[in-house]
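Read off the chains here:
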Amino acid sequence: MADEEEAPVVEPGPTLLTTELVAANLSILEEVQLALTDGTWVEKETGSAPDTGHPDGCGFAYTKCELGTSQCEVEAAADAFESYKQLRYLSLAACKLASCQPIAPLSKLLSLDLSAAALAEPGSLPALPSLQLLKLGGCGVASFAGCAWDYPALGTLDLSGNALTELPDFGALPSLTHLSVAGNQLVALPAAVWLQLPSLATLNAEGNAPLADVAGLASCASLVTLSLQACPELATPALLKPLAAGGLRVLTLAETPLAEQNVEVLLALPNLESLNGAPPSEEDRQAALELAVQRKEEEVAAAAAAAEEAAAAAEAEAAAAAEAAEAAAAEAAEAAPEE
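Residues numbered from 1 in each chain as written. Predicted model: local features only at pLDDT ≥ 70, side-chain atom pairs only at ≥ 80, totals over all residues. Heavy atoms only, no water.

Trainee: Before we go on, may I ask you to explain the overall build of the chain in this structure?
Mentor: When its secondary structure is counted, the chain shows four helices and 15 strands. Within the chain, the proportion of its 339 residues that are buried is 36%. Relative to all contacts within the chain whose residues are 6 or more apart in sequence, the contacts with residues 24 or more apart total 39%. Of the roughly 18,000 Å² of accessible surface on the chain, a fraction of 55% belongs to carbon and sulfur atoms. (Helix = DSSP H or I, 4+ residues; strand = E, 2+ residues; numbered from the N terminus. Buried < 20%, exposed > 50% of the residue type's maximum accessible area, 1.4 Å probe, protein only. Contact = heavy atoms within 4.5 Å. Areas by Shrake-Rupley, 256 points an atom, 1.4 Å probe, with all protein chains shown as cover.)

This is the structure we're talking about:
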């Protein structure tokens, strides 16, 4: 008898997000501290979740859920997180999200990983008042228009590896200290954005091939560390000059035309403590100081020469005017009738 044909192997598709799927991916069981208020046990600010079954004020709850490996598909109406409002850490990396609104009930969430997730509606990211870490890298997003960015506690934001041509309007992120926009298609870093981020200390903008204007960073007085690695349009040290007014101390320019121009960079930014991963050498610092003196002398000499040239031009103009006036007077005298 002929062998029966084997059925082709079919790869399983994405799994829809359900309460059971969430439950199967929970970890980190933390102790819960409870307090009695108006006859009801409620969670303290530092706790994980209320548990009325423990009158001694202590219980346990799962606070971490990693669904990234399941590559699940989150429907817009999914309510799977309603039963797990105590979650502090959630990973939906590489998952498919029709909407981000199902995350909205997680008001105590501290960390949200959406790296490489397929976001059908990037602007649907909900307000999360406790969120401190948000990863949105590698999602292929071209715009976060519509996103309210309502994250007053957010300290670290990763937007790397997307398709952004301009920075989002963050509104106000008062606690943000670390931002990555690496690997996008940004052309400029406008001043208005940094006024919305008063605490920003570290910015990673490397790998933005079209980036040619960083003058707007002068408005970011809190910025200490900046990476512009692999931004080939940054070819003139003068582009960095506006940054000298701030507190920038660490700068990376590897894989740019400025990578081998340490002296010129130090001339523009003399307060740098680290350049391309190492402290500037004393030789480069001294060369920058000497070059600064030389450039100043050249400016003074050029200004003096220009002033002298202007004075000579004015003198020549005055002499020409006097000569013209004298000629005009002579002509008038000749034309006058004799008495």
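Further notes follow.
Trainee: So what exactly am I meant to see when it comes to the packing of aromatic side chains here?
Mentor: Within a pair of aromatic rings, the relevant descriptors are the distance that separates the centres and the angle that separates the planes. Summed over the entire model, instances satisfying the criterion amount to three aromatic pairs. Relative to Tyr151, the ring of Trp149 lies with its centre 6.3 Å away and its plane at 80 degrees, an arrangement referred to as edge-to-face. Using a relative accessible area of 1% as the deciding quantity, one classes Trp149 as buried. With a centroid separation of 5.2 Å and 70 degrees between ring planes, the pair formed by Trp149 and Phe170 is classed as edge-to-face. In this pair, Trp149 is assigned in the loop between strand S9 (133–135) and strand S10 (156–158) and Phe170 in the loop between S10 and strand S11 (178–180), connecting sequence segments 21 residues apart. The pair formed by Trp149 and Phe170 is uniform in burial state, with each residue classed as buried. Clustering of aromatic rings is evident, with ring pairs tying together Phe144, Trp149, Tyr151 and Phe170. (Phe/Tyr/Trp six-rings, centres within 6.5 Å; stacked < 30°, edge-to-face > 60°.)

Trainee: Explanation requested: the layout of surface pockets in the structure shown.
Mentor: Where empty space is left can be seen by rolling a probe of water-molecule size over the atoms. If you add up the space inside the largest pocket, you get close to 180 Å³. Considering the residues around the largest pocket, the lining is formed by Pro237, Ala238, Lys241, Glu264, Leu267, Ala268, Ala292, Arg295, Lys296 and Glu299. Elements with a minimum of two residues in the lining of the largest pocket: helix H3 (262–268) and helix H4 (282–335). Sort the elements by how many residues they give to the lining of the largest pocket and H4 lands first, with four residues. Tallied by class, residues from the lining of the largest pocket come to five nonpolar, no polar and five charged. (1 Å grid on protein atoms, 1.4 Å probe; cavity = no way out; pocket = protein on both sides within 12 Å on 5 of 7 lines; lining within 4 Å. Points joined across faces, edges and corners; volume = space filled by probe spheres on them. Nonpolar A, V, L, I, M, F, W, Y, C, P; charged D, E, K, R; others polar.)

Trainee: Would you take a moment to explain the environment of Val141 for this structure?
Mentor: Its place among the elements puts Val141 in the loop between S9 and S10. Residue Val141 is classed as buried on the basis of its relative accessible area, which comes to 5%. Residues Val141 and Leu119, 22 residues apart in the sequence, show an inter-C-alpha distance of 7.8 Å. Beyond its immediate chain neighbours, meaning those up to four positions away, Val141 contacts Leu119, Pro122, Asn162, Ala163 and Leu164.

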